[in-house]
Amino acid sequence: MSSRRTRPQSYRPTLLLWALTVVFCIAEAGILFLAYRHTLEYRQLSTQLGLVQQGSALAYQLSAGPATPVLNPSNDPRQRWLTGLLSGLLAGGTSLHSLENIRVAVGPVEGQEARRILAELNSRWSALTSQTLLSTLSQDAAADLDAEHHASRLAAELAAIGPGMGHLAMQLARQRDEAMRQADLFAVLAVATGLLACLVVGTLLLLQRRRSERSGRLMRSMMNQIGAGVCILGSTDKIADANRAACRMLGRPRKALRGRRLDEILSLNDGVWTGERPDGLPLAIERIPGVIEGYKGPLRIMTLLDVTARHLTNECLQHLANHDPLTGLPNRGFLAPHFERELQRCEENKSVLGVAVLDLDGFKPINDTYGHAIGDELLVQISQRLGAALRNGDVIARIGGDEFAGVFPDINNRDTLNFLGERLLGIFAHPFHIQGQLITIGGSIGLALAPDDGLDQDSLLKAADAAMYRAKHDGRPALRLASRTGDSVAA
Ligand SMILES: Nc1nc2c(ncn2[C@@H]2O[C@H](COP(=O)(O)OP(=O)(O)OP(=O)(O)O)[C@@H](O)[C@H]2O)c(=O)[nH]1
């Protein structure tokens, strides 16, 4: 499958949107530039027009007045102004005071007709004010022309410049109106383009939004159909969204999951994420991290598999494997590794570990007299009493039919162990009530200490066992502590 085909559907409108937005922006900028240029042209033409009208009035004024200033134009500010105006209109680079006494830059006029009129006016004015003519006039004034004749000639020429200027003003006014029309047209065009851009881009945005909403709904319904729980995680590992299976599994609605971290709900225990649902049910989850492609980039997800049943079964099997089904006490399977760990700890901490072996006295006759059911119940009650007599951290296991073994960490000395043994033996002080029968039974306990009486399980159990047998032979109920030399002594 080509990469183009695998792109999500919502990608195409985004590209189109970008393309259209760029096109509209370029068009809008071009139109606005043209509108601005025509507005500038309009303003320049307005300035030129004002000056030309002023020049026309001045020419009329000069032609109607005395001819003296014309003979020496550089001394006449009005003539200097007129000269500046014409040169500015022709080539630019001149600044003049307007009627309102504002200094304005005179730019060259454009347009064929306007330049033609201007050229004609300028040649006429140049002929009038040229230095050659003036010098000729001043040298040969007496010979050729008298001042009066010259003045009347100049007045006639000036009288012709006035209408010429008027003509130029009309031409500039036409150009100015055209520039204004163009500026207005482009302004309207810019507004229309802007509105069109808003309409097109807005419609596409709306379509894209609807499309992505539809895609979102599709994705959500697909996620909800999946049997496994799926959580979408945010950048800080907080849950951004969760599917129906995840809500059901974790026993919480979507709202309650959003913004929370999975670590706050589940904790890792022996490789399995466990926790408790709000309704109190246990939870065991297998988490599979993954990444999926989202619209805005990769999305981190966590797939949750409910392994509660398997976990509970395992726990149950583990319990069954390590506990005596009748009494619920730990069995040999549990005791052996526990014993090993405690021995290691005892060695590391340089502390003393106590070991006890307890055997019931005369249990067989009870079985024979009352039956096995009562015998069983007696074993259960004895186990419960033993459990109640222990300290925190002590463990007692059923290791045979009527035989128990205990491991007691952090024993200070033999006296403490002896005291603990007395407490265990004390459970036989009162008879047991079973099915309306009052049953009295005793027990023999042998005690040993690590490291004094042995450094491993076997030797310690053997020492305690030997002490227990000695106690049994000495009288019932009895307690014996293994001696350092291997001989047992009465506790
Ligand atoms: N009711 C019941 N009896 C059991 C169970 N397991 C073992 N027994 C019985 O416990 C008895 C243990 O035998 P013994 O150790 O000779 O019993 P005892 O009478 O206490 O003998 P001493 O230890 O010498 O005092 C046997 O009769 C077994 O059948 C059990 O789970 N339930």
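Only a predicted model underlies this, so the values are computations on that prediction, with no experimental measurement involved. (Residues numbered from 1 in each chain as written. Predicted model: local features only at pLDDT ≥ 70, side-chain atom pairs only at ≥ 80, totals over all residues. Heavy atoms only, no water.)

A.B. asks: An account of the overall build of the chain is requested, with residue identities and associated values reported.
C.D. replies: Scanning the chain for helices and strands turns up 16 helices and 16 strands. Here the chain holds 491 residues, and the buried ones make up 42% of them. For the chain, the accessible surface area stands at approximately 27,500 Å², while carbon and sulfur atoms represent 57% of it. (Helix = DSSP H or I, 4+ residues; strand = E, 2+ residues; numbered from the N terminus. Buried < 20%, exposed > 50% of the residue type's maximum accessible area, 1.4 Å probe, protein only. Areas by Shrake-Rupley, 256 points an atom, 1.4 Å probe, with all protein chains shown as cover.)

A.B. asks: Describe the packing of helix 12 (residues 332–349) against helix 16 (residues 457–474), with residues and values.
C.D. replies: Between helix 12 and helix 16, whose axes approach to 11 Å, the crossing angle comes to 105°. Judged on the interaxial angle alone, helix 16 and helix 12 are roughly perpendicular. Residues Ala336, Phe339, Glu340 and Leu343 of helix 12 lie in contact with helix 16, whose contacting residues are Gln457, Leu460 and Leu461. Here the contact of helix 12 with helix 16 is composed, by residue class, of five nonpolar, one polar and one charged. (Axes fitted to C-alpha atoms, helices over the stretch in contact; angles between N-to-C directions. Parallel < 35°, antiparallel > 145°, perpendicular 65-115°, else oblique. Contact = heavy atoms within 4.5 Å. Nonpolar A, V, L, I, M, F, W, Y, C, P; charged D, E, K, R; others polar.)

A.B. asks: Describe helix 15 (residues 414–425), listing the residues and the values that go with them.
C.D. replies: Residue pairs three or four apart in sequence face the same way in an α-helix, which turns once every 3.6 residues. The end-to-end C-alpha distance of helix 15 is 16 Å, a good match for the 16 Å that 12 residues give at a rise of 1.5 Å each. Of the positions making up helix 15, those classed as buried are Arg414, Leu417, Asn418, Leu420, Gly421, Leu424 and Leu425. The buried residues of helix 15 occupy an angular sector of 160° when projected down its axis, which confines them to one face. Within helix 15, the exposed residues directed more than 90 degrees away from the buried face are Asp415 and Phe419. Looking at where helix 15 begins, the residue whose side-chain oxygen comes 3.0 Å from the main-chain nitrogen of Asp415 is Asn413. (Expected span 1.5 Å × (residues − 1). Arc of directions from axis to C-beta. Polar contact = N/O pair within 3.5 Å; in protein donor to acceptor, adjacent residues only side chain to side chain.)

A.B. asks: Any details on the environment of Asp306? Residues and values, ideally.
C.D. replies: Turning to its location among the elements, Asp306 is positioned in strand 8 (residues 297–306). Given a relative accessible area of 46%, Asp306 falls into the partly exposed group. Only 2.5 Å separates the side chain of Asp306 from the side chain of Thr308, close enough to count as a polar contact.

A.B. asks: Would you mind going over the UniProt feature "transmembrane region" (unreviewed entry) in the chain in detail, with residue names and values included?
C.D. replies: Those residues carrying the UniProt feature "transmembrane region" (unreviewed entry) are residues 185–207 in this numbering. Helix makes up 100% of residues 185–207 and strand 0%, whereas the separation of the span's terminal C-alpha atoms amounts to 33 Å. (UniProt positions renumbered as here; feature names shortened; annotations may be inferred.)

A.B. asks: Outline the sheet that holds strand 8, listing residues and values.
C.D. replies: The antiparallel open sheet is built from six strands, whose spatial order is 4-3-8-7-6-5. Each end of this open sheet is capped by a strand with a single partner; those strands are strand 4 (239–242) and strand 5 (266–269). Within the sheet, the average angular offset between the axes of one strand and its neighbour, ignoring direction, is 40°. Of the strand pairs in this sheet, strand 7 (residues 282–294) and strand 8 are connected by 10 bridges, and their pairing is antiparallel. (Pairing = 2+ DSSP bridges.)

A.B. asks: Give me the lowdown on the confidence of the model for the chain, citing residues and values where you can.
C.D. replies: Looking at the chain as a whole, the pLDDT averages 84, with 86% of positions reaching at least 70. Per-element averaging of pLDDT across the chain places helix 1 (residues 3–6) at the bottom with 40 and strand 10 (residues 395–398) at the top with 96. Note that pLDDT drops below 50 for residues 1–11; the model gives that stretch six contacts with residues more than four away or on any other chain. Every residue in residues 131–137 is under pLDDT 50, and counting partners more than four places away or in other chains gives 10 contacts. Note on the complex model: pTM 0.52, ipTM 0.97. (pLDDT = per-residue confidence, 0-100.)

A.B. asks: Before we move on, can you summarise a nonpolar patch on the surface with the specific residues and values?
C.D. replies: A cluster of nonpolar side chains, Phe33, Leu34, Tyr36 and Leu40, forms an exposed patch at the surface whose accessible area comes to about 390 Å². With respect to the element layout, Phe33 can be found in helix 2 (residues 11–64). (Patch = residues over 30% accessible without salt bridge, like charges linked within 9 Å, V, L, I, M, F, W, Y side chains within 5 Å. Salt bridge = Lys/Arg side-chain N within 4 Å of Asp/Glu carboxyl O.)

A.B. asks: Outline the packing of aromatic side chains, supporting the account with residue identities and numerical values.
C.D. replies: For the coordinates displayed, the defined rule picks out zero aromatic pairs. Here Arg287 stacks its cationic end above the ring of Trp273, 3.7 Å away from the centre of that ring. For Arg385, the ring lying beneath its charged end belongs to Phe432, and the centroid distance is 3.8 Å. (Phe/Tyr/Trp six-rings, centres within 6.5 Å; stacked < 30°, edge-to-face > 60°. Lys NZ or Arg CZ within 6 Å of the ring centre and 35° of its normal.)

A.B. asks: Could you give an account of the site of the ligand, naming the residues involved and the relevant values?
C.D. replies: Residues in close proximity to the ligand total 17 residues, the closest being Asp359, Lys364, Asn367, Asp376 and Arg398. Here Lys472 contributes a side-chain N or O atom positioned 2.9 Å from an oxygen atom of the ligand. Protein contacts shield 66% of the accessible area of the ligand, which totals 660 Å² for the unbound molecule. Broken down by secondary-structure element, the contributors of at least two residues to the shell around the ligand are strand 9 (352–361), helix 13 (363–370) and helix 14 (372–389). Here the residues of the shell around the ligand are counted per class, giving four nonpolar, five polar and eight charged. (Near = heavy atom within 4 Å.)

A.B. asks: A description of helix 12 should follow, citing residues and the corresponding values.
C.D. replies: A rise of 1.5 Å per residue sets the reference length of helix 12, with its 18 residues, at 26 Å; its end C-alpha atoms lie 25 Å apart and thus fit the reference within 8%. Taken residue by residue, helix 12 has Leu335, His338, Phe339, Glu342, Leu343 and Cys346 as its buried positions. Projected down its long axis, helix 12 shows its buried positions confined to an angular sector of 145°, all on one face. Across from the buried face of helix 12, at angles greater than 90 degrees, the exposed residues are Glu347 and Glu348. Considering only its buried residues, helix 12 is in contact with strand 9, strand 10, strand 11 (403–411), strand 14 (442–450) and helix 16. By the N-cap criterion, in which a side-chain oxygen at the helix start approaches the backbone nitrogen of a residue two or three places on, helix 12 is capped by Asn331, the distance to Gly333 being 3.0 Å. Immediately beyond the C-terminal end of helix 12, within one or two residues, lies Lys350, with a positive phi of roughly 55°.

A.B. asks: Can you lay out the packing of helix 13 against helix 14 for me, pointing to particular residues and giving the numbers?
C.D. replies: Relative orientation of the contacting elements helix 13 and helix 14 amounts to 135°, with a least axis distance of 6 Å. Classed by the angle they form, the pair helix 13 and helix 14 counts as oblique. Packed against helix 13, whose contacting residues are Phe363, Ile366, Asn367 and Tyr370, the element helix 14 presents His372, Ile374, Gly375, Leu378 and Leu379 at the interface. In terms of residue class, the contact of helix 13 with helix 14 is built from six nonpolar, three polar and no charged.

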